[in-house]
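Chain and residue survey
Chain by chain, the residues run as shown.
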Amino acid sequence: ALIDIGLGVVLLRPTLSRIRTDRVPMIAGAAVASVVFIAVVTAFLRFEPAVLSSGVFRYGRVSRPEHYVFYYYRDGRTATVTVRRPKNDQLISLATNGKPDASIESSWLKPPAPDAPRVPLTRDLSAQLVLPLVTLAHAPKARIGAVIGHGSGLTSHTLLGSPHLQELATIEIEPEMIKASRVFLPATRRVFEDPRSKFVIDDAKSYFAAGRRKYDFIMSEPSNPWVSGVSGLFTVEFYTRVRDYLSEGGVFGQWMQIYEMDDDLILSVLAAIDAVFGDYDVFMTGASDLLIMAAPRRLPAPDWSVVSFPGIQEDLRRVIPLTAGSLERTRFASRAAIHPLVQLEGRANSDFHPVLDLGAE
């Protein structure tokens, strides 16, 4: 702020030289008052992380500092990233500008007790674990993969449980998101420690356009589409580019929220995928999350035996067993069911007709 004010003074010098002498004291007083104001703000004003990360734009209330424990707070180059836990809860949440993007129970950060009962998947864990499992089931022998959006890192960690995977790129535009997610270690250790894992700090569109590589799977799990800039990852144009980066037999997975969205907005994403991919299925990975699995031609049948990979078995030792039958029952609809609906009612989200960007807010 001081540098910005200094530049303003330099740019105003020609004007200041023409000011009438009787106005000099007034201007000097204003300058002194500004300096005093900045000094007072710097010395005495408390910038409470809980208040600054309240997400008032979404929740309509201000968080009280005494209600939270903060593990991380940084103003990044694209967003403010925080990790916090309510004092009356064990859920640790990672948030962007006050909007939670991932969360893990604090118990997952410790080794499970030998006699600990298995628990059902709830809250964000259902999406963070089922999304990668369904994606991997459609490409069980995948060697090269990419994930758009890091979040807690649990999705990439789970995918790296595949012994066939040789390289996984996790694409994240905000560096502080990756630093903040270290709070969730060791639950997400593979994404940081596995030599097959690499981080890409870049916009997803730029990265794929520059790399020109082929992937056996690409999984897109960005933030909610009403977050500024994110809806561009749900367009016909982006899906057209992504399709070209898939290898022969490669698959694409798109996470999609169904909370805080209306039917027309959800249909705009389904219509965009319908316009680009020859086949797709929709899975319910949680109470309010969808995963759309798509392929340029025929979508492979899922191989649910991926849950038996040793690394994934280790990840799932805390939860009620996920069987082939239970995972198959997450299937919600196929292209045969969705296609007539989007043809009749859907308006595809596009860079040139940004239905989602204009409506998701």
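Here's what I pulled together on the structure shown here. (Residues numbered from 1 in each chain as written. Predicted model: local features only at pLDDT ≥ 70, side-chain atom pairs only at ≥ 80, totals over all residues. Heavy atoms only, no water.)

This part covers the overall build of the protein chain. Across its full length, the protein chain carries 15 helices and twelve strands. Each principal axis of the C-alpha atoms in the protein chain carries an extent, and together these give about 85 × 50 × 40 Å. When the accessible surface of the protein chain is split by element, carbon and sulfur atoms take 58% of a total near 18,000 Å². Each charge sign in the protein chain was given a centre, from 39 positive and 39 negative side chains, and these centres are 5 Å apart. (Helix = DSSP H or I, 4+ residues; strand = E, 2+ residues; numbered from the N terminus. Areas by Shrake-Rupley, 256 points an atom, 1.4 Å probe, with all protein chains shown as cover. Lys, Arg positive; Asp, Glu negative; His and termini not counted. Charge placed at Lys NZ, Arg CZ, Asp CG, Glu CD.)

Turning our attention to the side chain of Ser220. Within the secondary structure, Ser220 sits in strand 8 (residues 215–220). Those residues in contact with Ser220 that lie beyond four places of it in its chain are Ile148, Phe252, Gly253, Gln254 and Trp255. (Contact = heavy atoms within 4.5 Å.)

On to the sheet that holds strand 1 (residues 68–75). Adjacent strands of a sheet pair through backbone hydrogen bonds, lying either parallel or antiparallel. If you trace the four strands from one edge of the open sheet to the other, you get 1-2-3-4, paired in antiparallel fashion. Edge strands, defined here as strands with exactly one partner in the open sheet, are strand 1 and strand 4 (99–105). In this sheet, adjacent strand axes meet at a mean angle of 15° when their direction is disregarded. For strand 1 and strand 2 (residues 80–86), the ladder comprises seven bridges, and the chain directions are antiparallel. Bridge assignment links Tyr72 to a residue of strand 2, and that residue is Val83. The strands that helix 5 (residues 123–137) touches are strand 3 (91–96) and strand 4; relative to strand 4, the one it contacts most, it runs at about 90°. (Pairing = 2+ DSSP bridges. Axes fitted to C-alpha atoms, helices over the stretch in contact; angles between N-to-C directions.)

Moving on to the pattern of salt bridges. Summed over the entire model, instances satisfying the criterion amount to 17 salt bridges. With a shortest N-O distance of 3.9 Å, Arg243 and Asp244 are connected by a salt bridge. Residue Asp244 is classed as partly exposed on the basis of its relative accessible area of 39%. Among the ionic contacts, a cluster of salt bridges with common partners joins Glu167, Lys198 and Arg213. (Salt bridge = Lys/Arg side-chain N within 4 Å of Asp/Glu carboxyl O. Buried < 20%, exposed > 50% of the residue type's maximum accessible area, 1.4 Å probe, protein only.)

Let's shift gears to the packing of helix 11 (residues 263–276) against helix 14 (residues 335–345). At their nearest, the axes of helix 11 and helix 14 sit 9 Å apart, and the two run at 110° to each other. As far as their axial angle goes, helix 14 and helix 11 are roughly perpendicular. Relative to helix 14, helix 11 is oriented so that their crossing is left-handed. From helix 11, Leu267, Leu270, Ala271 and Asp274 reach across to helix 14, where they touch Arg335, Ile338, His339, Leu341, Val342, Gln343 and Glu345. In terms of residue class, the contact of helix 11 with helix 14 is made up of six nonpolar, two polar and three charged. (Parallel < 35°, antiparallel > 145°, perpendicular 65-115°, else oblique. Left-handed = near helix turned anticlockwise from the far one by under 90°. Nonpolar A, V, L, I, M, F, W, Y, C, P; charged D, E, K, R; others polar.)

Next up on the list: the packing of aromatic side chains. In this structure the tally under the stated criterion is nine aromatic pairs. Measuring from ring centre to ring centre gives 5.6 Å for Phe252 and Phe277, while their planes differ by 5°; the resulting arrangement is stacked. Taken together, the residues span a long stretch of sequence, with Phe252 in strand 9 (residues 246–257) and Phe277 in the loop between helix 11 and strand 10 (279–286) at a distance of 25 residues. The exposure class assigned to Phe252 is buried, which follows from its relative accessible area of 0%. Taken together, Tyr207, Phe208, Tyr215 and Tyr245 form an aromatic cluster joined through their ring pairs. Seen from the ring of Tyr72, Arg74 lies directly overhead, with NZ or CZ sitting 4.9 Å from the centre. (Phe/Tyr/Trp six-rings, centres within 6.5 Å; stacked < 30°, edge-to-face > 60°. Lys NZ or Arg CZ within 6 Å of the ring centre and 35° of its normal.)

This paragraph deals with the packing of helix 10 (residues 236–244) against helix 11. Where helix 10 meets helix 11, the axes come as close as 9 Å, and the angle between the chain directions of the two elements is 40°. The angle between helix 10 and helix 11 places the two elements in the oblique class. Crossing of helix 10 against helix 11: the hand is right-handed. On the side of helix 10, the interface is formed by Val236, Tyr239, Thr240 and Arg243, while helix 11 contributes Val269, Ala272, Ile273 and Val276. In the contact of helix 10 with helix 11, the residues fall into six nonpolar, one polar and one charged.

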